[in-house]
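Tertiary structure, described
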Amino acid sequence: MKLYDVYPINEIEIKKAQGSYVWDENNKQYLDLYGGHAVISIGHSHPHYVKRVTDQLDQVGFYSNSVKIPLQEKLAEKLGQVSGKLDYQLFLCNSGAEANENALKLASFYTGRKKVIAFKGAFHGRTSLAVAVTDNPKIVAPINQTENVVFLPHNDEAALETAFQSYGNEIAAVIIEGIQGVGGIIPASIAFLQKIRSLCDQYNAVYIADSVQCGYGRTGQFYAHDYAGVQADIYSMAKGMGNGFPVAGISIAPKFSPWHGQLGTTFGGNHLACAAALAVLEVIEQDNLLQNAEQIGNYLISELKKFQEVKEVRGRGLMIGIDLPDSLAHVKKELLWKYQIFTGEAKPNVIRLLPALNITQSHADQFLNAFHQLVK
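Here is a short report on the structure shown in this document. Predicted model, so just to flag it, every value in this text is computed and none were measured. (Residues numbered from 1 in each chain as written. Predicted model: local features only at pLDDT ≥ 70, side-chain atom pairs only at ≥ 80, totals over all residues. Heavy atoms only, no water.)

**So, the environment of Arg113**
Our working rule: The numbering of helices and of strands both runs from the N terminus, where a helix is a DSSP run of H or I of at least 4 residues and a strand a run of E of at least 2. Two residues form a contact once any of their heavy atoms are found within 4.5 Å. N or O atoms closer than or at 3.5 Å make up a polar contact, with two conditions inside protein: a donor-capable atom paired with an acceptor-capable one, and, for residues adjacent in sequence, both atoms drawn from side chains.
For Arg113, the location among the structural elements is in the loop between helix H4 (96-111) and strand S5 (115-119). Along the backbone, Arg113 and Leu129 are 16 residues apart, and their C-alpha atoms lie at a distance of 14 Å. Not counting residues within four places of it along the chain, the set of residues in contact with Arg113 comprises Ser108, Gly168, Asn169, Glu170, Ile171, Ala172, Tyr203, Asn204 and Ala205. A polar contact of 2.9 Å, which involves the side chain of Arg113, links it to the backbone oxygen of Ile171. At 2.8 Å, the side chain of Arg113 and the backbone oxygen of Tyr203 are in polar contact.

If you want it as structure tokens, here you go:
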């Protein structure tokens, strides 16, 4: 048997990882400013994380949600404290797509409706409902196609108002990333997020804040949507939640009432997943990583904006997009192969920076120096 070939691969085998660096099979060192799609939130092999997971594995690694798992309650309490959503409820699952699936399902249960508003450029996952609200027809199979999703222009308040006037009593939810990731690091404006909140209130629809990539402290706020000063009804989260361990969840407003069997998962919220997620929150809190993400992110953004060759620099905190002209389309590859720096990409020609939240100014300067050499 061979692997099903769906991933474009960089011919690098990572053998060791520590902090913001990884080493390949030839012991060559790379600076990791991508963290495997924003997954590495507290650095590779963080000692507190390793100890937390190892100690838990020595006790019990897994049992299903048919028994009491006190670690889930500890995780919910800590997440409420760090995120500031103390009165919300936590449902645990395994991936960002699954989190968004459950958020959309819960919204439909709550409202009794089917229609969902999503936005051009959106990416919410690859499973059935999640891919249906993703703006990429190429990855939407015929079985995923539905007339229940209305795609609107991003950050267009007038179009949003018109859609609510047309479909208001049919709309179950509005789902939006605080900052579009795959779409090219496009922040939702504060006014737009506030408009979503007010229209959802007016029409009794559910505001779903997709925080899978842009959440968990990456922007300097716990959820990127928090910049708008309004609360969503459901926050979905995943990537940075487990620092590499598969764990995800949705944070659910108190107005939702659960019933047995409403949602479910076999692996979600298992002992090891909770230990990993608790370690991440403890490090974020103890090391003031939200503040660090904001400070280093602001430094990177301000320095990058000084490059006249760059078309635009977008983002907040440590979720940064560098929009390059076609003449500099080679920069991402050369950062990797010439300067040993991992970055991400969003087409066309947008470099994505999604480093660990505890990177230093020294790491930032290493990148900026290499970038300068490639664009000058």
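Further notes follow.
**Observations concerning unusual backbone geometry**
Across the chain, the bulk of peptide bonds are trans and the bulk of non-glycine residues have phi less than zero. Going from Lys347 to Pro348, the amide bond is cis rather than trans, its omega being -5°. Within the element layout of this structure, Pro348 appears in the loop between strand S16 (344-346) and strand S17 (350-353). Backbone geometry at Ala38 places phi at a positive 70°, although glycine is not the residue there. Residue placement: Ala38 occurs in helix H1 (residues 35-38).

**Overview of the pattern of salt bridges**
Going by this rule: Think of a salt bridge as a Lys or Arg side-chain nitrogen and an Asp or Glu carboxyl oxygen that are within 4 Å of each other. Each residue's exposure class comes from its accessible area (1.4 Å probe, protein chains only) as a fraction of the maximum for that residue type: buried when under 20%, exposed when over 50%, partly exposed otherwise.
The full count for this structure, using the stated rule, is 14 salt bridges. Across the salt bridge formed by Lys68 and Glu73, the nearest N and O atoms sit 3.1 Å from each other. The exposure class assigned to Lys68 is exposed, which follows from its relative accessible area of 62%. Here Glu73 falls in the partly exposed class, since its relative accessible area comes to 48%.

**Quick notes on the sheet that holds strand S15 (residues 341-342)**
Within a sheet, neighbouring strands are paired by backbone hydrogen bonds and run either parallel or antiparallel to one another. As a reminder of what qualifies: If DSSP finds at least two bridges between two strands, the strands pair.
Read across the open sheet, the four strands follow the order S1-S2-S3-S15; overall the sheet is mixed. At either end of the open sheet lies a strand with only one pairing partner, and these are strand S1 (14-18) and S15. With two bridges joining them, strand S3 (residues 29-32) and S15 adopt parallel strand pairing. Paired with Leu31 across the two strands is Ile341, which belongs to S15.

**A short note on the state of the cysteines**
Selection rule: By definition, disulfides here are pairs of cysteine sulfur atoms that lie within 2.5 Å.
Evaluated as defined, the whole model comprises zero disulfides. No disulfide involves Cys93; its nearest neighbouring cysteine sulfur is the one of Cys274, lying 12 Å away. Cys93 sits in the buried class, given a relative accessible area of 1%.

**Regarding the packing of helix H6 (residues 157-167) against helix H7 (residues 190-203)**
Basically, it comes down to this: The axes are straight lines fitted to the C-alpha atoms, using for helices just the contacting stretch, and the angles between their N-to-C directions are given from 0 to 180°. Angles below 35 degrees are treated as roughly parallel, those above 145 as roughly antiparallel, those between 65 and 115 as roughly perpendicular, and all remaining angles as oblique. As a working rule, the residues Ala, Val, Leu, Ile, Met, Phe, Trp, Tyr, Cys and Pro are called nonpolar, Asp, Glu, Lys and Arg charged, and the rest polar, with Gly in that last group.
Across the interface, H6 lies against H7 with an axial gap of 10 Å and an inter-helix angle of 10°. When the axes of H6 and H7 are compared, the pair comes out roughly parallel. Touching Glu157, Leu160, Glu161, Phe164 and Gln165 of H6 are Ala191, Phe192, Lys195, Ile196, Leu199, Cys200 and Tyr203, all from H7. A breakdown of the residues in the contact of H6 with H7 according to their chemical character gives eight nonpolar, one polar and three charged.

**Description of the sheet that holds strand S12 (residues 248-252)**
Across the sheet, which stays open at both edges, the seven strands sit in the order S4-S12-S11-S10-S7-S5-S6 with mixed pairing between neighbours. Each edge of the open sheet is held by one strand with a lone partner, namely strand S4 (89-93) and strand S6 (149-152). Each strand of the sheet is rotated relative to its neighbour by a mean of 20°, with strand direction disregarded. Sheet analysis places S5 next to strand S7 (residues 171-177), joined by three bridges and oriented parallel. Directly across from Val116, in S7, lies its bridge partner Ala173. Here H6 sits on the sheet in contact with S5, S6 and S7, set at roughly 170° to S5.

**Thoughts on the layout of surface pockets**
Filter applied, for reference: Only protein atoms enter the calculation, which uses a 1 Å grid: trapped sets of points that fit a 1.4 Å probe without letting it out are cavities, open sets showing protein on both sides within 12 Å along at least five of seven lines are pockets, and any residue with an atom within 4 Å of a point is a lining residue. Grid points are joined across faces, edges and corners, and a volume is the space filled by probe spheres set on the points.
In this structure, the second largest pocket encloses a volume near 650 Å³. Along its surface, the second largest pocket is lined by 24 residues, and Leu90, Phe91, Leu92, Pro258 and Leu263 are the ones closest to its centre. When contributions to the lining of the second largest pocket are tallied by element, the ones reaching two or more residues are helix H3 (70-83) and S4. Among the elements that take part in the lining of the second largest pocket, S4 stands out by supplying four residues, more than any other. A class-by-class count of the residues in the lining of the second largest pocket yields twelve nonpolar, ten polar and two charged.

**Examining H7**
Which entries qualify depends on this criterion: Helix span, expected: 1.5 Å multiplied by one less than the number of residues in the helix.
In this model, H7 (14 residues) spans 20 Å end to end at C-alpha, consistent with the 20 Å of a helix rising 1.5 Å per residue. Among the residues making up H7, those that are buried are Phe192, Leu193, Lys195, Ile196, Arg197, Leu199, Cys200 and Tyr203. On its buried face, H7 sits against S5, H6, S7 and strand S10 (206-210). Asn204, located one to two residues past H7, shows a positive phi value of around 60°.

**Let's talk about the packing of aromatic side chains**
Keep this limit in mind: Stacked, tilted and edge-to-face are the three classes assigned to paired rings of Phe, Tyr and Trp, where Trp is represented by its six-membered ring and a pair needs centres within 6.5 Å; plane angles under 30 degrees give stacked, over 60 edge-to-face, the rest tilted.
A complete count under the given rule lists 13 aromatic pairs for this structure. Arranged with centres 4.8 Å apart and planes meeting at 55°, the rings of Tyr216 and Phe222 form a pair that is tilted. Looking at Phe222, the relative accessible area reads 2%, which means it is buried. Here the aromatic residues Tyr88, Tyr216, Phe222, Tyr223 and Tyr235 are joined through ring pairs into a cluster of three or more.

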